[in-house]
Structure formats: structure tokens, C-alpha cells
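# A closer look at the structure
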Amino acid sequence: MNFSKEIVIENKLINEKNKVFIIAEAGVNHNGDLETAKRLVDSAVEAGVDAVKFQTFKTDKLILNNIEKAPYQKKTTNAIENQAEMLKKLEITKEQNKELIDYCKKKNIIFLSTPFEKDSLDELDELGVPAFKIAATDLTNIQFLRQVAEKGKPIILSAGMCYLEEVRLAVETIGKINKNLILLQCTANYPIQDDEANIKVVQTLKNEFDIITGYSDHSQGIGASPYAVALGAKVIEKHFTLDKNMIGPDHKASVTPTELKALVQEIRKVEKYLGNGLKMPTCSEQMTRKSLQKCLVAAKDIKEGEVFSYENIVAKRTGGKGISALYIDNIIGLKAKYFFKKDQIINMY
């Protein structure tokens, strides 16, 4: 399938040449409080990310009432309540999302939110979100993927917890309807061990599907993201919180505002290191090149009409003057047009 090689999310163009699109994942770290959510927006702005993302769901549409929490959730929240009871306290209403969207516009940052079921998808679409981030939990939810694709907006899909063939089916399902897809490698635990990051999958996904790829990072601290960028990730998503000690499922696995800012700075540094991929001397190398590269000079006195040979010409540093030593084979066998003294720069004019 021919997926888009350039995707626009609000005022940001995502392609192979532009800067990495960085998403600060606030998720549910607002703990159900709108003012905390706004403070998260402020921290994201301060860190210099491109977008801040929340999660939108209606608990009764998302989960059965008696489902146990995931193992990591049991460690970070009340062990007595079930997953539905925990999630109910973390819902964001349509009105609250509208207020957050307006706040993000005021702060000049892109608002994104992950819908987890169709009602939330429709609400976010009505509110005008510029793209949909779909969590790994829904990569195998084929009907929902079709519903998202039919909205016609860019889709960022996390590929956590899945086999490659499951990813393939999801990509093909979306691709029949919507070509604006970005695929993120992800390991869906909070946090993950270093040896679980598997950022090489960023390249695997790019090669398999010829698609823009990125990395949803659940490693600890600044973690794996900068290395994923070096492997070609063009979108990075990272959970962050105001305080890791707050009660809630994702705080402990999130970075602090200070760490988020450091992460952005590190990614921008990696981008500078990567350059543009064109092999040519940099501006700063031009003078060094003149000083250090060698050109051809007479190894001894050469008479007019004498044939140039490997015995009578040699390469030395000349300050960039003369014929580059690269072309010695083009000179050998030609006749000198005039007399050259030893160490005189060879020229053919």
C-alpha cells in the first residue's frame, strides 16, 4: 500500500526531512482534575514539545465492570478497586476536552487525545482534533480501526503487545480507507526494562510497510527515544507527570517536567548529529580540507617534455593549490609542458 510520505497535523509537517514530532503524553496523569490537566499543558509547552496528548474514554463503553487491573496498575493504585472503578475517576468529559483544546490554542501547542471507543471518537472528531492517536490496546480492534480511518484524519497507531502479522492486518485495514498513517513501535508495560525497548522494530516497520514510523517510549527517564530517532523514528511519544509520587496508574512510569525538557533537548541534539545524509564537506571542513588534503608536486626536477611518472611526482600538502592527489592516475604518462623544480606544484596549464 502506498502510505503518505508527508503528513500534516495542524501546523506541523511530518516527513523524513523535518524535525521529529514530539508528543508529551499526559494520558490520565491529570487524575480527573481539569486544573491539573492545564498544568500538564503548561509543562509540555515549557519543555518545547509539539503536542500534548490526553486520553478520552467512557468507562462503561470500554470495559466490563469486574475486570482486574493490569499488573503494573495494581502496583501504583488502590489494590481493592477493579480496573473500571479506577478508570471511572480518570474520565474527561466533552466539555473538559473543549476547555483543554481552547487552552492549548492559547498556549500555541497541539491538543491530541486517544479515543478508546466509538462514542469518544465521535466526540473528539466533533471537537476538531487534528489527528487520532490510537493505543496499542486497539491495534487488534479491527472494527474500531475502520471507524477511526473513516474520519479521514491522520492516524498515529501504537504497535505494542502485537505480532507483526497482527500489525500487518491493522495496517491493511486502515490503508484501504486512509493513507495518512504513522506507525509507532511500543512495548506496552509501564515502565519497561531496557532490554524490552526493541527500537530496531522502528526500522522493521518502516521496511515492512514503507511508512512513517516512530516510537512510543515506556522506558525509564530520557530512555530509548533519542536512540530511536537515530534509527529513523519521526514521531516520539513519552508519558510525563507533574509528580511521580502522585496516586495513579501511570505516574511512576512517567518522566518529570524537567526530564521531559531534557528529552526534547536530547532529541534535537540527535537530529543535529544525524545531519542530512549528504556526503560532502561541511562548511567548517572547507578550510581544513585546503590545509590537510594533498596535491601533486614534483618529487625531483622534471625537464620540459619529460613524462610524468610515479617516480617524479608525489603528493604533499600545498594549502589546497594544484591538482588533487586523487587524480594522479590521470597525470601519469602525460608530458610536462615546461620545467618543474623539486617541490613545485604540478599544473597542466
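Reference entry: report on the structure contained in this document. (Residues numbered from 1 in each chain as written. Predicted model: local features only at pLDDT ≥ 70, side-chain atom pairs only at ≥ 80, totals over all residues. Heavy atoms only, no water.)

## Re the overall build of the protein
When helices and strands are tallied, the protein shows 13 helices and 12 strands. Since a compact globule built from 349 residues should have a radius of gyration of about 20 Å, the 29 Å found for the protein marks it as more spread out than a globular shape. When the backbone C-alpha atoms are referred to their principal axes, the protein occupies close to 100 × 40 × 40 Å. When each of the 349 residues of the protein is scored for burial, the buried share is 49%. (Helix = DSSP H or I, 4+ residues; strand = E, 2+ residues; numbered from the N terminus. Rg over C-alpha atoms; globule rule 2.2 N^0.38 Å. Buried < 20%, exposed > 50% of the residue type's maximum accessible area, 1.4 Å probe, protein only.)

## Quick word on the packing of aromatic side chains
As enumerated under the stated definition, the model contains four aromatic pairs in all. For the pair Phe54 and Phe111, a centre-to-centre distance of 6.0 Å together with 25° between the ring planes defines the contact as stacked. Residue Phe54 is located in strand 4 (residues 51-56), and its partner Phe111 is located in strand 5 (residues 110-115); the two are separated by 57 residues in the primary sequence. Overall, the relative accessible area of 0% leaves Phe54 in the buried class. (Phe/Tyr/Trp six-rings, centres within 6.5 Å; stacked < 30°, edge-to-face > 60°.)

## Some remarks on the nonpolar core
The biggest cluster of nonpolar side chains holds 64 residues, and the ones touching the most others in it are Val49, Val52, Phe54, Leu157, Tyr215 and Phe240. Among the nonpolar cores identified, the runner-up in size contains 14 residues, and Ile7, Ile9, Leu112 and Ile212 belong to it. (Core = buried A, V, L, I, M, F, W, Y, C linked by side-chain atoms within 4.5 Å.)

## Concerning the environment of Lys88
Examined against the element boundaries, Lys88 turns out to sit in helix 4 (residues 83-88). For Lys88 and Gly32, which are 56 residues apart along the polypeptide, the C-alpha to C-alpha distance reads 8.9 Å. One polar contact links Lys88 to Glu91, side chain to side chain, over a distance of 3.4 Å. (Polar contact = N/O pair within 3.5 Å; in protein donor to acceptor, adjacent residues only side chain to side chain.)

## What about the environment of Gly248?
Note that Gly248 resides in the loop between strand 10 (235-239) and helix 11 (257-274). C-alpha separation for the pair Gly248 and Pro191, spaced 57 residues apart in sequence, amounts to 14 Å.

## Let's talk about unusual backbone geometry
Of the consecutive residues Tyr190 and Pro191, the connecting peptide bond is found in the cis state with omega at -5°. With respect to the helices and strands, Pro191 occurs in the loop between strand 8 (181-186) and helix 9 (201-209). Even without a glycine there, the phi angle at Glu10 is positive, about 55°. Mapped onto the fold, Glu10 is located in the loop between strand 1 (7-9) and strand 2 (12-14). With relative accessibility at 46%, the residue Glu10 sits in the partly exposed group. One non-glycine residue, Asp343, lies in the positive phi region at around 75°.

## So, the pattern of salt bridges
Here the structure, examined in full by the defined rule, presents 26 salt bridges. Residue Asp125 pairs with Lys153 through a salt bridge whose shortest N-O separation is 2.9 Å. With Asp125 in helix 6 (residues 118-126) and Lys153 in the loop between helix 7 (142-149) and strand 7 (155-159), the pair connects residues that are 28 residues apart, well separated along the chain. With relative accessibility at 24%, the residue Asp125 sits in the partly exposed group. Residue class for Lys153 comes out buried when judged on its relative accessible area of 17%. Of the charged contacts in the structure, one is a salt bridge between Arg168 and Glu208, with a shortest N-O distance of 2.8 Å. With a gap of 40 residues between them, Arg168 in helix 8 (residues 164-175) and Glu208 in helix 9 connect regions that are remote in the sequence. Overall, the relative accessible area of 38% leaves Glu208 in the partly exposed class. A cluster of three or more residues bridged by salt bridges with shared partners is formed by Lys118, Asp122, Asp125, Lys151 and Lys153. (Salt bridge = Lys/Arg side-chain N within 4 Å of Asp/Glu carboxyl O.)

## Examining the environment of Gly223
Counting through the fold element by element, Gly223 comes out in the loop between strand 9 (212-217) and helix 10 (225-230). On a C-alpha basis, the gap between Gly223 and Met246 in space is 21 Å, while along the polypeptide they are 23 residues apart.

## Here's the deal with the side chain of Glu237
Within the secondary structure layout, Glu237 lies in strand 10. Among the polar contacts listed, one links the side chain of Glu237 to the side chain of Lys133, at a separation of 2.9 Å. When neighbours within four sequence positions are excluded, Glu237 is seen to be in contact with Ile23, Glu25, Lys53, Lys133, Ser158, Leu184, Tyr215, Ser216 and Asp217. (Contact = heavy atoms within 4.5 Å.)

## Observations regarding helix 8
With 12 residues, helix 8 extends 16 Å from end C-alpha to end C-alpha; this agrees with the ideal 16 Å at 1.5 Å per step. Taken as a whole, helix 8 has its buried residues at Val167, Ala170, Val171, Thr173, Ile174 and Gly175. Residues of helix 8 that are buried make contact with helix 7, strand 7, strand 8 and helix 9. (Expected span 1.5 Å × (residues − 1).)

## Considerations on the sheet that holds strand 6 (residues 132-134)
The strands making up a sheet associate through backbone hydrogen bonding, with each pair oriented either parallel or antiparallel. An order of 5-4-3-10-9-8-7-6 is seen for the eight strands of this open sheet, with the pairing classed as parallel. If you trace the sheet from one side to the other, it starts and ends with strand 5 and strand 6, each paired once. Within this sheet the neighbouring strands show an average axis-to-axis angle of 25°, counted without direction. In the sheet, strand 3 (residues 21-27) pairs with strand 4 via four bridges, with the strands oriented parallel. Among the inter-strand pairings, Ile23 is bridged to a residue of strand 4, identified as Ala51. (Pairing = 2+ DSSP bridges. Axes fitted to C-alpha atoms, helices over the stretch in contact; angles between N-to-C directions.)

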